[in-house]
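# Coordinate inspection notes
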Amino acid sequence: MKWLGNVLVSPGEGGVYGERTLEGYRVWDPYRSKLAALYTLGGGIELTPEIRVLYLGAANGTTASHVADYVETVYAVEFAPRPMQDLLEVARRRRNIIPIMADASRPEEYAPFMEAVDLVYQDVAQPNQVEIAERNLAFLKPGGHLILMLKTRSVDVRRDPAEVLAEARAGLERRLDVADVRWLDPYHQDHAAIVCSRRG
Amino acid sequence: MLQRYWFGDVDEVGCRAAGTDPAALAERAAALRTGMDSFVPIDWETARDCGVVRTREEYVDLLRSVCTTLARKKIALSYQGRDVELLQMVRMLDELDNVINLLSERAAEWYQVTNPSFSRKYRSLPAKKMLGIIRKGARGGLSDAAEEIDRLAGTRSRLMREVSARADEVMPNTSALIGGLVAARLLSKAGGLPALARMPGSTIQVLGSERALFSHLRGGTPPPKHGIIFQHRRVHNAPKPVRGRVARVLAAKLAIAARLDYYRGEAVPEFLKDAQARIDEAGVEAS
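Because the structure is predicted, anything quoted here is derived from the model rather than measured.

What counts, and at which threshold
- Residues numbered from 1 in each chain as written.
- Chains lettered and ligands numbered in written order.
- Predicted model: local features only at pLDDT ≥ 70, side-chain atom pairs only at ≥ 80, totals over all residues.
- Heavy atoms only, no water.
- Phe/Tyr/Trp six-rings, centres within 6.5 Å; stacked < 30°, edge-to-face > 60°.
- Helix = DSSP H or I, 4+ residues; strand = E, 2+ residues; numbered from the N terminus.
- Buried < 20%, exposed > 50% of the residue type's maximum accessible area, 1.4 Å probe, protein only.
- Lys NZ or Arg CZ within 6 Å of the ring centre and 35° of its normal.
- Contact = heavy atoms within 4.5 Å.
- Buried area = accessible area lost by both parts, 1.4 Å probe.
- Salt bridge = Lys/Arg side-chain N within 4 Å of Asp/Glu carboxyl O.
- Axes fitted to C-alpha atoms, helices over the stretch in contact; angles between N-to-C directions.
- Parallel < 35°, antiparallel > 145°, perpendicular 65-115°, else oblique.
- Nonpolar A, V, L, I, M, F, W, Y, C, P; charged D, E, K, R; others polar.
- Pairing = 2+ DSSP bridges.
- Left-handed = near helix turned anticlockwise from the far one by under 90°.

Right, let's talk about the packing of aromatic side chains for a bit. A complete count under the given rule lists 11 aromatic pairs over all chains for this structure. Measuring from ring centre to ring centre gives 6.0 Å for W28 of chain A and Y39 of chain A, while their planes differ by 55°; the resulting arrangement is tilted. Of this pair, W28 of chain A sits in the loop between strand 4 (25-27) and helix 1 (34-40) while Y39 of chain A is found in helix 1, placing the two residues 11 residues apart along the sequence. Y39 of chain A carries the same exposure label as W28 of chain A, and that label is buried. Measuring from centroid to centroid gives 6.3 Å for W44 of chain B and Y59 of chain B, while their planes differ by 45°, and the two rings are tilted. Separated by 15 residues along the polypeptide, W44 of chain B in helix 2 (residues 44-49) and Y59 of chain B in helix 3 (residues 56-78) bring together distant segments of the chain. Y59 of chain B matches W44 of chain B in its accessibility class, with the two residues each being buried. Chaining the aromatic ring pairs together yields one cluster made of Y5, W6, F7, W44 and Y59 of chain B. Directly above the ring of W44 of chain B sits R48 of chain B, whose terminal nitrogen or CZ lies 5.5 Å from the centroid.

A few words now on the interface of chain A and chain B. Opposite the 32 residues of chain A that make contact, chain B presents 30 residues. For the chain A and chain B pair, buried surface summed over both sides reaches about 2,700 Å², with 62% attributable to carbon and sulfur atoms. The three residues of chain A that bury the most area against chain B are M101, P112 and F113 of chain A, which together make up 24% of that side's buried surface. At the junction of chain A with chain B, the criterion picks out 3 salt bridges.

With that out of the way, let us pick up the packing of helix 4 (residues 82-114) of chain B against helix 8 (residues 180-190) of chain B. Residues and elements named next belong to chain B. The N-to-C vectors of helix 4 and helix 8 enclose an angle of 105°; their axes lie 9 Å apart at closest approach. In terms of orientation, helix 4 and helix 8 fall into the roughly perpendicular class. The residues of helix 8 that touch helix 4, namely those facing D83, L86, L87, V90, R91, L93, D94 and D97, are L181, A184, R185, L187 and S188. Residue composition of the contact of helix 4 with helix 8, grouped by class: 7 nonpolar, 1 polar and 5 charged.

With that settled, the discussion passes to unusual backbone geometry. Residue and element names in this part refer to chain A. Geometrically, the link from D185 to P186 is a cis peptide bond, its omega value of 0° lying close to zero. Structurally, P186 is set in the loop between strand 10 (176-183) and strand 11 (191-198). Positioned with a positive phi, E23 is a non-glycine residue whose angle comes to about 50°. For E23, the location among the structural elements is in the loop between strand 3 (21-22) and strand 4. The class for E23 is exposed, based on a relative accessible area of 67%. You will see that D190, though not glycine, has its phi angle at about 60°, which is positive. The residue D190 is located in the loop between strand 10 and strand 11 in this model. You can call D190 partly exposed: its relative accessible area is 22%.

All right, on to the environment of A247 of chain B then. All names here are of chain B. Mapped onto the elements, A247 comes out in helix 13 (residues 240-263). Overall, A247 belongs to the buried group, its relative accessible area being 0%. Considered as a pair, A247 and Q205 are 42 residues apart in the sequence and their alpha carbons are 6.4 Å apart. When near neighbours in sequence (up to four residues on either side) are disregarded, A247 contacts Q205, K225, H226, I229 and V235.

Moving on: the sheet that holds strand 10 of chain A. Residue and element names in this part refer to chain A. The sheet built from 7 strands is open, its strands ordered 7-6-5-8-9-11-10 with mixed pairing. One side of each edge strand has no neighbouring strand; the edge strands of this open sheet are strand 7 (97-101) and strand 10. Taken pair by pair, the neighbouring strands of this sheet meet at an average axis angle of 15°, ignoring direction. Alignment of strand 5 (residues 52-56) against strand 8 (residues 117-122), held across 4 bridges, turns out to be parallel. Of the residues in strand 8, the one forming a bridge with L54 is V120. Taken strand by strand, helix 2 (residues 62-70) contacts strand 5, strand 6 (73-78), strand 7 and strand 8, and its axis lies near 175° from that of strand 5.

All names here are of chain A. Scanning the model with the defined rule gives 38 salt bridges over all chains in all. Close ionic contact of E173 with R169 constitutes a salt bridge, the shortest N to O distance being 3.3 Å. With a gap of 4 residues between them, E173 and R169 both fall in helix 6 (residues 161-173), about one helical turn apart. In this structure E173 comes out as partly exposed when scored by relative accessible area, which is 35%. What makes R169 partly exposed here is its relative accessible area of 34%. Connected via shared salt-bridge partners are E19, R26, D69 and R94.

Attention shifts here to the packing of helix 1 (residues 22-30) of chain B against helix 3 of chain B. All names here are of chain B. Where helix 1 contacts helix 3, the axes come no closer than 9 Å and their chain directions differ by 65°. Crossing angle aside, the handedness with which helix 1 passes helix 3 is right-handed. Two secondary-structure elements touch here, helix 1 through P22, L25, A26, E27, A29 and A30 and helix 3 through L62, S65, V66, T69, L70 and K73. Residue composition of the contact of helix 1 with helix 3, by class: 8 nonpolar, 2 polar and 2 charged.

Our next topic: the sheet that holds strand 1 (residues 3-5) of chain B. Residues and elements named next belong to chain B. Strand order in the open sheet formed by 3 strands is 1-2-3, with antiparallel pairing between adjacent strands. For this open sheet the edge positions go to strand 1 and strand 3 (15-17), each flanked by a neighbour on one side alone. In this sheet, adjacent strand axes meet at a mean angle of 15° when their direction is disregarded. Relative to strand 3, strand 2 (residues 8-10) runs antiparallel, the two sharing 3 bridges. Note that in strand 3 the partner of V10 across the bridge is C15.

This is the structure:
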């Protein structure tokens, strides 16, 4: 990852969503992007130029654009039409983003487009987030990583976030090795990042 | 094992390329269904050996244009429904309400400063009349602003009629039960007719009172009896002791109505008659 002092940046053409630039690099704001928050807090998986990423829940493509600055190819999956329009615009200007309009919980819809990836990054506001991650493991290379941004409030607002996290972690451990779990405070409330790797 | 990929079919024997035209590939890919159990991820070099592309760049470029074409089509399809525009119309209407209220409040405050004898308080002065007074009484910017607010109010009334008419057309059963405007607001909160049709009555009952609902779920506070449906006269005119019951029955009938609207798309008189009777019955206080 590229740091200027303690500011996380990414190399690439600016002006995607009005982000600041610093010495020609695009500032990647941890308050706006959960992935940036994870890196700022010292966690995450190093993004390198040769890796391929499956990004579930790409939304408007702001975080996806930063990921694309670092890696070889990003498969960006988004389901809702409105953000998809923005994502298409981002993908038009970034030749390594492949915009896929599909439901992340139905991988059979986009499997015909998918190669094996080194990293699955998932940021979806669904109650069955762990299940969605499991279904997408078919795309992850052995030894590859999964970063799951657990929105505990989307799972169940009534329950204690820590409890929701423990349950998600247990669910992931069925098929993955959990390497790191951390809350994204103070950048994002009630969001936790779970970093796992697929058994090789 | 045959694998059907976006660029062609691949099996042990070899591969059959599906051409290089993005539009044709997109059309073919839209129909592909993969069983995840037997799925093998693509090796892009297969596409190269197949003769579809020569380099990795070409592979990604072609895949991108196929996926972009597909996404455009899906977006267009999802915006096709008549309910999608209604959603935007009713949101614009509610936004106009907000803006008009804010602006008139501000105009009144300003006018009061220039005209010490004017007070809006303790006078039953409708907004429209007040704006008329300000427009005549004030000069310059304030008068212009009042005129614009008046014009906005006109836009709002016209839009309101449009919303009602469109709601009657898109959701005839729901509109018949609760009126076009409130029906449209329910639609907007739910996020579309398909979403509304899949909601249980209990959710429809509290649509629009999310704050009260979640504070209830998180702890302690009493549950909300009604959200948007409070705007319907049968709910807000109901005597307090039975208001919750009316809201519950009405919401239950609305859930059925929304499903009729979505799956049948036309008014169902028998259902409406029974539903109206049942709702009226709920409003009768036990003696």
